[in-house]
Amino acid sequence: MLLLTIESSCDETSAAVVRDGRQILSNVIASQVDVHALYGGVVPELASRKHMEAVTVVIDDALRKAGVALGDIEGIAVTRGPGLVGALLVGLSMAKAMALSLGIPLVGVHHMEGHILAPLLEQDVPFPYLALAVSGGHTHLYRVDGIGKYRTLGRTLDDAAGEAFDKVSKLLGLGYPGGAVIDRLAAEGNPRAFDFPRPLLKKPTFDFSFSGIKTALLYYVQSQNSPIEGAHLCDVAASFQQAVIEVLCEKTLRAARDTGLERIVVAGGVACNKGLRRLMGERSAKEGFRVFFPSPILCADNAAMLGVAGDAYLTAGCVADLDLNARANWPLDQAGWPQQLLP
Amino acid sequence: MVEWVIDTASAEETNRLGRCLGQVIKEPAVLLLTGDLGAGKTCLTQGIARGLGVPESEPIVSPTYTLMNLYEGRLPLYHFDLYRLADPGELEELGMEEYLPGEGVAVVEWADRFDELCQSCLAIRICHRGPDKRTLHFCAVGSTGKMLLQALQSVWNQRD
């Protein structure tokens, strides 16, 4: 099917055209700055009004870049949740209006489902696999048995990893977005210079906690008599990043060992982090797991990622009514196939 | 305006204080939290949520990115975080006035970034006193805030 997909759950307004749930014809993000800097969070354009201003523009641009006419579109997939209701409703209302006027089917997709299926737009990743979804708002480990079949294995109990990057960046006076800046400084520093805590590492669960690392860094900054800069700053950034990515890698690999899953997908904005990519790659290879990372543009919040699940649902006849509602809180385990349509 | 100052010796005790506060809330209320990064605003909110009957199995996580998290307790809990907001106009876009007060309990972190959020509320400022120690300054404005603070003081002073 030729799908138009629309995403407006948080900061970004995005539209894409995706063929058969695998081939991206276009993928337009409204506040697209440097895609490499898009993780860890940007200053929010949270206002629904801003989504409203952007939504028709990104849809027109997505159609134009894909080289298709509106009449060629065979179905629409839209983010239904989780997220801010006001923001979600902009994409959802536009999707419904277009589905009604064009006489084509519509389906709602879970935002995280989009992220953890995004690698399928670039390569074949056989199910089942383990997915680490890590961004400014999320740090979750999921078991993925197929499209629409997900189970949460672990999650953060306080801050998301990307949020920790941003807040630490602010503490160090490095500004927004923090993830890219810290990653760059960390490459120049010694990751063993300071021993920041690795919360919950010894606990046998797959849950995460990053609030304590942030606070430990705060006390370190406060204990210094002079500003942290130069090589010292690089060492602090490297040691902080090491603490975060070690916890992410260790918990993920533990989940892979426990579940017997052989493939690991790392998705979401923090999946752009070079330190995380390297460490996860090395450790996975050592233990015989295969690890998959989407390209940076598919790590950011984008509409193309909705195409994988959207196409599968619509092809199977799983179509939403026009009274489809936004869901602010929506655990991924509750998303997926309606029971009668389970393949 | 009624004030109360209390010290806590650990994150656990801050959490317990939050739990007592959650337990005494019987009607819609607004709680405004201020304090530096790492002061324990989310820690206190986790306690408030448990006191309000949000199941232990549901993690109370930072709303910094999501801006608002909703939980179902005896009353709905709206957990806001204004950290990322730049100007008061964005509050309007969030539809925040519907929650201040609304049908549930609104807990607003980084409330000091926006003056005069609410006329009747309980404002709580958390200050670092060491790695684990905190001082909490409660300031009740309006009748609901005052009743809440009195109930909290009474429960906290009677605990074993």
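Residues numbered from 1 in each chain as written. Chains lettered and ligands numbered in written order. Predicted model: local features only at pLDDT ≥ 70, side-chain atom pairs only at ≥ 80, totals over all residues. Heavy atoms only, no water.

### Considering the packing of aromatic side chains
The way to describe two aromatic rings as a pair is by their centre distance and the angle between their planes.
Part 1 of the reasoning: Within the structure shown, the criterion is met by nine aromatic pairs over all chains.
Part 2 of the reasoning: On the basis of an interplanar angle of 55 degrees and a centroid distance of 5.0 Å, the ring pair of Tyr83(B) and Trp110(B) is categorised as tilted. Here Tyr83(B), found in the loop between strand E4 (76–81) and helix H3 (89–94), pairs with Trp110(B), found in the loop between strand E5 (105–109) and strand E6 (121–128); they are 27 residues apart in sequence, far enough to count as distant.
Part 3 of the reasoning: For Tyr83(B), a relative accessible area of 6% translates into the label buried.
Part 4 of the reasoning: A relative accessible area of 12% means that Trp110(B) is categorised as buried.
Part 5 of the reasoning: Put simply, the rings of Phe194(A), Phe196(A) and Tyr220(A) pair up and form one aromatic cluster.
Part 6 of the reasoning: Above the face of the Trp330(A) ring, Arg80(A) is positioned so that its terminal group lies 5.2 Å from the ring centre. (Phe/Tyr/Trp six-rings, centres within 6.5 Å; stacked < 30°, edge-to-face > 60°. Helix = DSSP H or I, 4+ residues; strand = E, 2+ residues; numbered from the N terminus. Buried < 20%, exposed > 50% of the residue type's maximum accessible area, 1.4 Å probe, protein only. Lys NZ or Arg CZ within 6 Å of the ring centre and 35° of its normal.)

### So, the interface of chain B and chain A
Reports often express the size of an interface as the amount of accessible area lost when the parts come together.
Part 1 of the reasoning: Listed by partner, the interface residues are 25 residues for chain B and 30 residues for chain A.
Part 2 of the reasoning: Approximately 2300 Å² of surface area, both sides summed, lies buried where chain B meets chain A, with 56% of it carried by carbon and sulfur atoms.
Part 3 of the reasoning: Along the contact surface separating chain B from chain A lie zero salt bridges.
Part 4 of the reasoning: Taken together, chain B and chain A are joined by 11 residue pairs in polar contact (both at pLDDT 80 or more).
Part 5 of the reasoning: Those elements that place two or more of their residues in the side of chain B that touches chain A are strand E3 (68–72) and H3 of chain B.
Part 6 of the reasoning: The greatest single-element share of the side of chain B that touches chain A, amounting to three residues, is contributed by H3(B).
Part 7 of the reasoning: Within the side of chain B that touches chain A, the residues separate by chemical class into 12 nonpolar, seven polar and six charged. (Contact = heavy atoms within 4.5 Å. Buried area = accessible area lost by both parts, 1.4 Å probe. Salt bridge = Lys/Arg side-chain N within 4 Å of Asp/Glu carboxyl O. Polar contact = N/O pair within 3.5 Å; in protein donor to acceptor, adjacent residues only side chain to side chain. Nonpolar A, V, L, I, M, F, W, Y, C, P; charged D, E, K, R; others polar.)

### A word on the pattern of salt bridges
All names here are of chain A.
Part 1 of the reasoning: In this structure the tally under the stated criterion is 12 salt bridges over all chains.
Part 2 of the reasoning: When the shortest N-O distance is used, the salt bridge between Arg257 and Glu250 registers 3.7 Å.
Part 3 of the reasoning: Members of the salt-bridge network, linked through shared partners, are Arg192, Asp195, Arg198 and Glu246.

### Concerning the sheet that holds strand E9 (residues 263–267) of chain A
Residue and element names in this part refer to chain A.
Part 1 of the reasoning: Sheet architecture is open: five strands sit in the order E8-E7-E6-E9-E10, paired in mixed fashion. The two strands at the open ends of the sheet, each matched to only one other strand, are strand E8 (149–155) and strand E10 (290–292). Strand-to-strand twist across the sheet, computed as the mean angle between neighbouring axes with direction ignored, equals 25 degrees.
Part 2 of the reasoning: Inspection of the sheet shows strand E6 (residues 129–134) paired to E9 by four bridges, in the parallel sense. In the strand pairing of E9, Leu132 is matched with Val266. (Pairing = 2+ DSSP bridges. Axes fitted to C-alpha atoms, helices over the stretch in contact; angles between N-to-C directions.)

### Some words on the sheet that holds strand E3 (residues 23–29) of chain A
All names here are of chain A.
Part 1 of the reasoning: Pairing within the open sheet is mixed, and its five strands lie in the order E3-E2-E1-E4-E5. Both edges of this open sheet fall to E3 and strand E5 (106–110), since each of them pairs with a single strand only. On average, each strand axis in the sheet is tilted by 20 degrees relative to the strand beside it, whichever way the strands run.
Part 2 of the reasoning: Contacts from helix H1 (residues 48–66) reach strand E1 (2–7), strand E2 (14–19) and E3 within the one sheet, and its direction differs from that of E3 by about 150 degrees.
Part 3 of the reasoning: The strands touched by helix H10 (residues 306–315) within the sheet are E1, E2, strand E4 (75–81) and E5, with E1 carrying the most contacts at an inclination of about 130 degrees.

Geometric values such as these leave the question of function open.
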